[in-house]
Amino acid sequence: MANSEYFDVSVFFILFRETLEASIIISVLLAFLAQGIGNADGDLAVYRKLVRQVWFGSLLGFSICLVVGGICIDAWYRFGKDVWSASEDIWEGVFCIIAGLIISYMGLAMLRLNKMKGKWRQKIANALAETDGRTTISSFSSKYAMAILPFVTVLRESVEAIVFIGGVTLSASPKAVPLSALAGILCGSAVGYSIYQGGNHMRIQIFLIISTCFLYLVAAGLMSRAVWYFENYNWSQLVGGDVAEVGSGPGSYDIRKSVWHVNCCNPLFDGGWMIFNALFGWQNSGTYGSVLMYNLYWVAVIIAVCLMLYKEKHGHFCVFNKYKTVAADEIDMTLPRSVAGARASEGPEAGAIGPSSSRYNDPNPYGLGSSSSHLLSDVEDNEVGPSSAATSLDVDRESLRSSTDAADDCDPLGISSGTVLSAN
Amino acid sequence: MRAFSLLAALAVSATASLAATVQYDFSVEWVQANPDGAYDRSFIGVNGAWPPPPIECNIHDRVIINVTNNLGNEPTAIHFHGLFMNGTNSMDGPVWVTQCPVPSGSNIIYNFTVDQPGTYWYHSHFSGQYPDGFRAPFIVYDRDEPFADAYDVDTYLTVSDYYHNSIPWLSANKFLILTNPTGAEPIPDAGLFNDSQNIKFKVEPNKTYKIRIINMGALVSQYVWFEDHDFQIVEVDGIYVEPAEASMIYITVAQRYTILLTTKNSTDKNYPMVTSFDTDMMDTLPDDLVWNVTGWLTYDENGEFPEPALIDEYDFYDDFNLVPYEKEEPYEPDYSITVDVSMQNLGDGVNYAFFNDLTYVAPNVPTLYTVMSSGNDSTDATVYGSNTHTYVLGYQEVVEIVLNNFDPGKHPFHLHGHVFQVVERSDASPDDETFLTYNPDEPGTINEYPMRRDTVYVRPNGYFVLRFLSNNPGVWFFHCHIEWHLQQGLALTLVEAPAEIQAQQVIPDDHYAACKAGGYAYEGNAAGNTVNLFDLTGEKLQPKPLPAGFTARGIVALVFSCISAFVGMGFITWYGLSDLKTTEREVAAIVGEPLDDSDESK
């Protein structure tokens, strides 16, 4: 987990997170295919074809992203770095903040694996439902729906990863990108695969918790380092360029702001210090500003966690709305179903549905089954028998309607879906 | 040794009857001047003029200088650089070593006999005053010099670096401050030849000139050469040497070289003479700095004054190889002092210079006055304070100073009251990471008759070994003559034969009067304590060292950071586990629906 010349924790986690997301959709798709037609006799050829479509779409998206990402990162290091070098400390600080915020944004959402999965199911359902509606317009998109969806998803996640990496790796060595990226992709795929396999949910969750803790350690270090960089910039302005000359020895830091300072060559700290520094992202020179930032960051994380738990419990942030973190927004996307259900249930017309169980009371909360039936009925035109889907899946058109309508209306709070539900 | 004593005795008897008294009255004042034509500034001048007048006398003369401080805003004093002051230690002049600062409006008389021939200089030894102008040559003529018949004209040439801002201002705002952690010395603004530039040094053809070259600068050594004119070095720092052929000299601040230069036969051409900064000694080279100063050996005032030719390398004479005219074999040391030079930052963030782990901090009482008021305790270095870095030397012993330079800069070290044999001087170390240190078991090059002088430089990360005979009772300062480094504390004090000082020397009343006028202590130990000489309460000390690693403050900060990190991770874990609980709770409400999604729709 240590940052070194060849490994960067931030890059690893970004790739891990994005791969996880991409692999979740692939696994959801594959699981759906397996359930939908994989176990139906005689449809094996169709099933394989569709599975191939999924993999083809994913790999195509991934390849394109590799090319684009490679070009971007290469261009970045070739041309970008020079621009910053003039006032490097400022930029390092800014990029540390960017990286810290990105990680903070992604981190907590990762712990809502179920919601993440839900979100993707929702998206898949929507996409398929859309396909259904446009059968006449584009037979291509319906024919290759199973390829287009993972393709678009993988591409989107990859581009996101590239953008994030671009932000994060400004403070890291370019040599660190390949290894950490590879490790992140492998770990993300592994977790995605175990989700697909339906492995021990508990173990996955604990793994996610541990990795999220590390992620936030890294983010705290980055935020603290950002302050440190700003202070260092200020100091080098005062000193006039001599800071580089003195290395990490006396004079490399402002004694007035120093909480502690350990020279690099101090044998007392050398071995242990390296790990400490890498894990916590701290400098050998602790300043009041950076220490404060580190602690305040954790306070902010704690507040954010409390607020989000509060919101999950009560459905809103109360008066603390303005303090909600970006990560909470992420959850907003996944919540509407239950929230909508809860809201709807609170409404006068829908007293029958309990607030906490609305999502799960619905045997097919994301409308996956029904959307698949749509897909399959589309596919039917493309030589897939209609009976297979109907027999193997519980079809709940109302549930489908509720979810697809909600998504179609682009109503994140799910008001309209609530309306639909209550209309039922 | 015997030969030397005999010669000296002869010289004394031969010239005693000729000895005269030379008297100067100096009113020290601020004077406006503009030596480089670029900047008008205040200098410390004498009698309304700047530069101050050279002091000239014959050997064995008595010199009396009556100094009145009319600066109005700061004290002053004069040190006579290179003069032994044998028997008159109080006339040496370094403030806080042999006297108090002379406050404005006060008066002090320097009264001594000069028994050394050659080229010296005088300068304020207080608060960076000499680079602010208070310095000038001090020349002692000697009819009996070994090369008395070898020249036609006796003259001098001073070289110097020069700052537009005053030294105290630079110290307070640019140098001895937190934001100059590397101790980068302020860069001079210009160089000077005879306190001017573009000088026309008039010469006649086919004559030999004895030119006494003095570097009166604050920081940089200078390369000095005369185009197309080789010369002979015949004296360094008041010591006659066997004539040495040279085409260029390397002269550090405070050093003197006397050369014999024979002019050409024709007057067709004027020849540039150049003094060029040793730019290695400067932290940066500003674009607008002109570090060469040119003058001309002027054969024909109406002729052309050509630009100096570019040179490929500085091919200067290595002074280590000079052979004194009066030959002495290397002394065998009775007492050895080893000091390591380094530059380090102390707790106030300022960069200081160290001999071993001490940076010089001046005492409250001039060390000589402590000698005079400490009776039998004067042989105990403790009474001179913790930060004056004092060594007490016996009488008539050979003292050795081994100096290992753990700094990648060149440093010209000067010892008051003596010339020393430069027994060994190493090369610079090959790189910044290695240090050459003196090992008596593996001596380097030792010349048969080591060069003697009073100011010698040590090379980057190298060392030198100096030896001298403690035959001059007094308190003598040993320090780097770079003014900035002296301000950083690169100095130590030698109290030589304190019992003999007490027995043989008297401090004149007007010297004590300067202390009284300025409100300075002049009795007791370094702290000014006259009752218990070993009680140093109130002495001035160097700042505390930088906090080493983790102090209490650092540990507290670290512990708090760890706590908040763990608490924060605890909250994250809580949040993460609540996903499970929420799921489980919600799933529990669903009949026949297992936890995992993959199972969910099976």
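Preceding this section is the structure that the text describes.
What this report covers is the structure whose coordinates are included nearby. These numbers come from a predicted model, not from an experiment.

Below, the discussion takes up the overall build of chain A. From N to C terminus, chain A includes 17 helices and two strands. The 424 residues of chain A split such that 54% are buried. The long-range fraction of contacts in chain A, counting pairs at least 24 apart against all pairs at least 6 apart in sequence, stands at 76%. Roughly 18,400 Å² of accessible area belongs to chain A as shown, and the carbon and sulfur atoms make up 65% of that amount.

Looking now at the overall build of chain B. In terms of regular secondary structure, chain B is built from eight helices and 30 strands. By principal-axis analysis of the C-alpha atoms, chain B measures approximately 130 × 70 × 55 Å. Every one of the 602 residues in chain B was classed for burial, and the buried ones make up 58%. Contacts in chain B between residues at least 24 apart in sequence constitute 79% of all its contacts with a sequence separation of at least 6. If you average the places of the 28 positive and of the 81 negative side-chain charges in chain B, the two averages end up 3 Å apart.

Once that is clear, we can look at the pattern of salt bridges. Residue and element names in this part refer to chain B. Scanning the model with the defined rule gives 21 salt bridges over all chains in all. When the shortest N-O distance is used, the salt bridge between Lys-327 and Glu-242 registers 2.5 Å. In this pair, Lys-327 sits in the loop between strand 19 (292–298) and strand 20 (335–345) while Glu-242 sits in strand 15 (residues 239–246), placing the two residues 85 residues apart along the sequence. When the shortest N-O distance is used, the salt bridge between Asp-427 and Arg-459 registers 3.8 Å. Of the two residues, Asp-427 sits in the loop between strand 25 (420–425) and strand 26 (452–453) while Arg-459 sits in the loop between strand 27 (455–458) and strand 28 (463–469), which places them 32 residues apart along the sequence. According to the relative accessible area criterion, Asp-427 is exposed, its value standing at 53%.

Let us now look at the sheet that holds strand 27 of chain B. All names here are of chain B. With respect to topology, five strands assemble into an open sheet ordered 22-30-29-24-27, the strand pairing being mixed. A strand with exactly one partner marks an edge of an open sheet, and here the two such strands are strand 22 (390–393) and strand 27. Along the sheet, successive strands turn relative to each other by an average axial angle of 20 degrees, direction set aside.

This paragraph deals with the state of the cysteines. All chains considered together, the criterion is met by one disulfide over all chains. The residue that forms a disulfide with B:Cys100 is B:Cys515, at a sulfur-sulfur distance of 2.0 Å. Since a negative S-S torsion denotes a left-handed disulfide, the B:Cys100-B:Cys515 link at about 95 degrees is right-handed. Within this pair, whereas B:Cys100 is found in the loop between strand 5 (79–81) and strand 6 (107–113), its partner B:Cys515 is found in helix 6 (residues 509–518), the two being separated by 415 residues in sequence. In this structure B:Cys562 is a free cysteine whose sulfur lies 15 Å from that of A:Cys213, the closest cysteine sulfur available. B:Cys562 gets classed as partly exposed once you look at its relative accessible area, which sits at 24%.

All names here are of chain B. In this structure, Phe-566 sits in helix 7 (residues 552–588). For Phe-566, a relative accessible area of 54% corresponds to the exposed category. For the pair formed by Phe-566 and Leu-261, sequence separation is 305 residues and the distance between their alpha carbons is 80 Å.

Residue and element names in this part refer to chain B. Enumeration over the complete set of coordinates arrives at 38 aromatic pairs over all chains. When the ring of Phe-355 is compared with that of Phe-478, the centres are 5.9 Å apart and the planes differ by 20 degrees; the resulting orientation is stacked. Linking Phe-355 in strand 21 (residues 351–355) with Phe-478 in strand 29 (residues 474–480), this pair joins segments that are 123 residues apart in sequence. Neither residue differs from the other here; Phe-355 and Phe-478 are each classed as buried. When the centroid spacing of 4.9 Å and the interplanar angle of 55 degrees are considered together, the rings of Tyr-369 and Tyr-512 count as tilted.

The subject of this paragraph is the nonpolar core. Grouped together as the largest cluster of nonpolar side chains are 131 residues, with contacts concentrated most on B:Phe80, B:Phe112, B:Phe138, B:Phe226 and B:Ile233. Counting residues per element, this core draws most heavily on strand 29 of chain B, which supplies five residues. The residues contacting B:Phe226, other than those within four sequence positions of it, are B:Leu157, B:Ile211, B:Ile213, B:Phe231, B:Ser247, B:Ile259, B:Leu261, B:Pro272, B:Met273 and B:Leu297. If you look at the next biggest cluster of nonpolar residues, it comprises 41 residues, including A:Phe16, A:Val28, A:Ile195 and B:Ile572.

The next subject is the environment of B:Phe134. Residue and element names in this part refer to chain B. Within the secondary structure layout, Phe-134 lies in the loop between strand 7 (118–123) and strand 8 (135–141). What makes Phe-134 buried here is its relative accessible area of 0%. Between the C-alpha atoms of Phe-134 and Ala-184, which are 50 residues apart in sequence, the distance is 24 Å. The residues contacting Phe-134, other than those within four sequence positions of it, are Val-28, Ile-44, Val-46, Pro-52, Thr-76, Ala-77, Ile-78, Tyr-122, His-123, Ser-124 and Gln-129.

Rules and cut-offs
- Residues numbered from 1 in each chain as written.
- Chains lettered and ligands numbered in written order.
- Predicted model: local features only at pLDDT ≥ 70, side-chain atom pairs only at ≥ 80, totals over all residues.
- Heavy atoms only, no water.
- Helix = DSSP H or I, 4+ residues; strand = E, 2+ residues; numbered from the N terminus.
- Buried < 20%, exposed > 50% of the residue type's maximum accessible area, 1.4 Å probe, protein only.
- Contact = heavy atoms within 4.5 Å.
- Areas by Shrake-Rupley, 256 points an atom, 1.4 Å probe, with all protein chains shown as cover.
- Lys, Arg positive; Asp, Glu negative; His and termini not counted.
- Charge placed at Lys NZ, Arg CZ, Asp CG, Glu CD.
- Salt bridge = Lys/Arg side-chain N within 4 Å of Asp/Glu carboxyl O.
- Pairing = 2+ DSSP bridges.
- Axes fitted to C-alpha atoms, helices over the stretch in contact; angles between N-to-C directions.
- Disulfide = S-S within 2.5 Å.
- Phe/Tyr/Trp six-rings, centres within 6.5 Å; stacked < 30°, edge-to-face > 60°.
- Core = buried A, V, L, I, M, F, W, Y, C linked by side-chain atoms within 4.5 Å.

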